[in-house]
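Now for the letters of each chain:
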Amino acid sequence: MPLINQEKCNQCQLCISVCGCGAIVMVNNVVTVVETEDCHWCTTCEAVCPTGALTCSFEIVVEEG
Amino acid sequence: MTIDVAFLKSISYFSGLNTTELDIIEKAFSEKTAQRGEVILLEGELSDTLFFVAAGAVKIFKTSTQGKEQILSIARLGDALNDISIFDGGVNPVSAQALGPVVLHGIKKDRLQGILQQYPKVALNASRVLAGKTRQLLTLVEDLSFRHVLGRVVKILLTHAGDGTTPVQRLTQQEMAAMAGTAREVVARSLKVLEEQGHIRLEHHRIVITDKKSLQEIVAESA
């Protein structure tokens, strides 16, 4: 799932507004990522985050054969 | 409908104005909302209202005749969406689409022209905003024009690729952009191009290199 660095997060909630799968929610007034199989790694949350707090990292692998 | 004066104050166009001036300008604004995925502005159409983002995020993009999309920027709180077409009177050079629920504050072109004449500070602010946008777009043009950016992105992929059995350092598109010395939008475009050409496959949080030899050739050609 996307990762949130709470030290960088300014709680603007832009990521919540753009997330189409409900993976990012407010829990006790804190932006929180919840586990869901519906996340398609669109990385829009990372793109809109103004502080770079939210990251969607990729593993890069070489296909065998 | 009341537009928040504090919000107007936060917009670059209106910085440096006093509360009395902002109170007058505020009356020229109206509010509009858009839902996720809604197209707010369409490339090629005329605009009669300058929109500023009051809440949410808006994707600013161009679409090629083949239907391919190039994101130019993400507009956030206080950003203007269509100042180019408002100022030059031409059609929208870009499209704008809500990435989630969005609130916009808009001012009609003729009202804006009156404000620009009445408050030279706003005109100066506008020229500064437009100069900043020109600078950002020139950087993007440079990156999109020169093949070496694609080569740098490919080199990053090859350098950080694992065999799938041992853990390797994971990278975000933002990190790849920082490494390649370019914008995140250019990395996103480069990855799409590489996928379309069959060099890689984008999977759920994985970039799979399907043709390592061809990627090595791209790096060699761009060196």
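Being a predicted model, the structure only gives us computed values, none of them experimental.

S.K.: Explain the interface of chain A and chain B to me, and be specific about the residues and the numbers.
M.R.: On the side of chain B, 32 residues touch chain A, which itself brings 25 residues to the contact. Both faces combined, the contact of chain A with chain B buries some 2,600 Å², and carbon together with sulfur accounts for 57% of it. Of all residues in chain A, A:Phe58, A:Glu59 and A:Ile60 bury the most surface against chain B, accounting for 31% of the area lost on that side. Our enumeration of links across chain A and chain B arrives at three salt bridges. B:Arg206 is paired through a salt bridge with A:Glu59; the nearest N and O atoms lie 3.9 Å apart. Along the contact surface separating chain A from chain B lie 18 residue pairs in polar contact (both at pLDDT 80 or more). Residue assignment for the side of chain A that touches chain B shows that the elements contributing at least two residues are helix H1 (14-18), helix H2 (44-48) and strand S5 (57-62) of chain A. By residue class, the composition of the side of chain A that touches chain B is 14 nonpolar, seven polar and four charged. In this structure, S5(A) lies alongside strand S8 (residues 171-172) of chain B, joined through two bridges in antiparallel fashion. Opposite A:Ser57, over in S8(B), you have B:Thr172 as the bridge partner.

S.K.: With reference to specific residues and values, describe the domain arrangement of chain B.
M.R.: Domains assigned within chain B are domain 1 (5-135) and domain 2 (146-222). Here the C-alpha centroids of domain 1 of chain B and domain 2 of chain B sit 34 Å apart.

S.K.: So what about the pattern of salt bridges? Which residues, and what values?
M.R.: Summed over all chains, the structure comprises nine salt bridges over all chains. The salt bridge involving B:Arg201 is made with A:Glu63; its shortest N-O contact spans 2.7 Å. Note that B:Arg201 is positioned in strand S9 (residues 200-203) and A:Glu63 in the segment after S5, a pairing that runs across two chains. For B:Arg201, a relative accessible area of 31% corresponds to the partly exposed category. For A:Glu63, a relative accessible area of 34% gives the class partly exposed. Notably, a salt bridge pairs B:Asp83 with B:Lys133, separated by 2.9 Å at the nearest N-O pair. On the criterion of sequence distance, the pair formed by B:Asp83 in helix H3 (residues 83-88) and B:Lys133 in helix H5 (residues 120-145) is long-range, its members being 50 residues apart. The exposure class assigned to B:Asp83 is buried, which follows from its relative accessible area of 1%. Exposure remark for B:Lys133: the relative accessible area of 24% places this residue in the partly exposed category. Within this structure, A:Glu59, A:Glu63, B:Arg201, B:Glu203 and B:Arg206 form a network of salt bridges that share partners.

Conventions adopted
- Residues numbered from 1 in each chain as written.
- Chains lettered and ligands numbered in written order.
- Predicted model: local features only at pLDDT ≥ 70, side-chain atom pairs only at ≥ 80, totals over all residues.
- Heavy atoms only, no water.
- Contact = heavy atoms within 4.5 Å.
- Buried area = accessible area lost by both parts, 1.4 Å probe.
- Salt bridge = Lys/Arg side-chain N within 4 Å of Asp/Glu carboxyl O.
- Polar contact = N/O pair within 3.5 Å; in protein donor to acceptor, adjacent residues only side chain to side chain.
- Helix = DSSP H or I, 4+ residues; strand = E, 2+ residues; numbered from the N terminus.
- Nonpolar A, V, L, I, M, F, W, Y, C, P; charged D, E, K, R; others polar.
- Pairing = 2+ DSSP bridges.
- Domains from an automatic or database assignment.
- Buried < 20%, exposed > 50% of the residue type's maximum accessible area, 1.4 Å probe, protein only.

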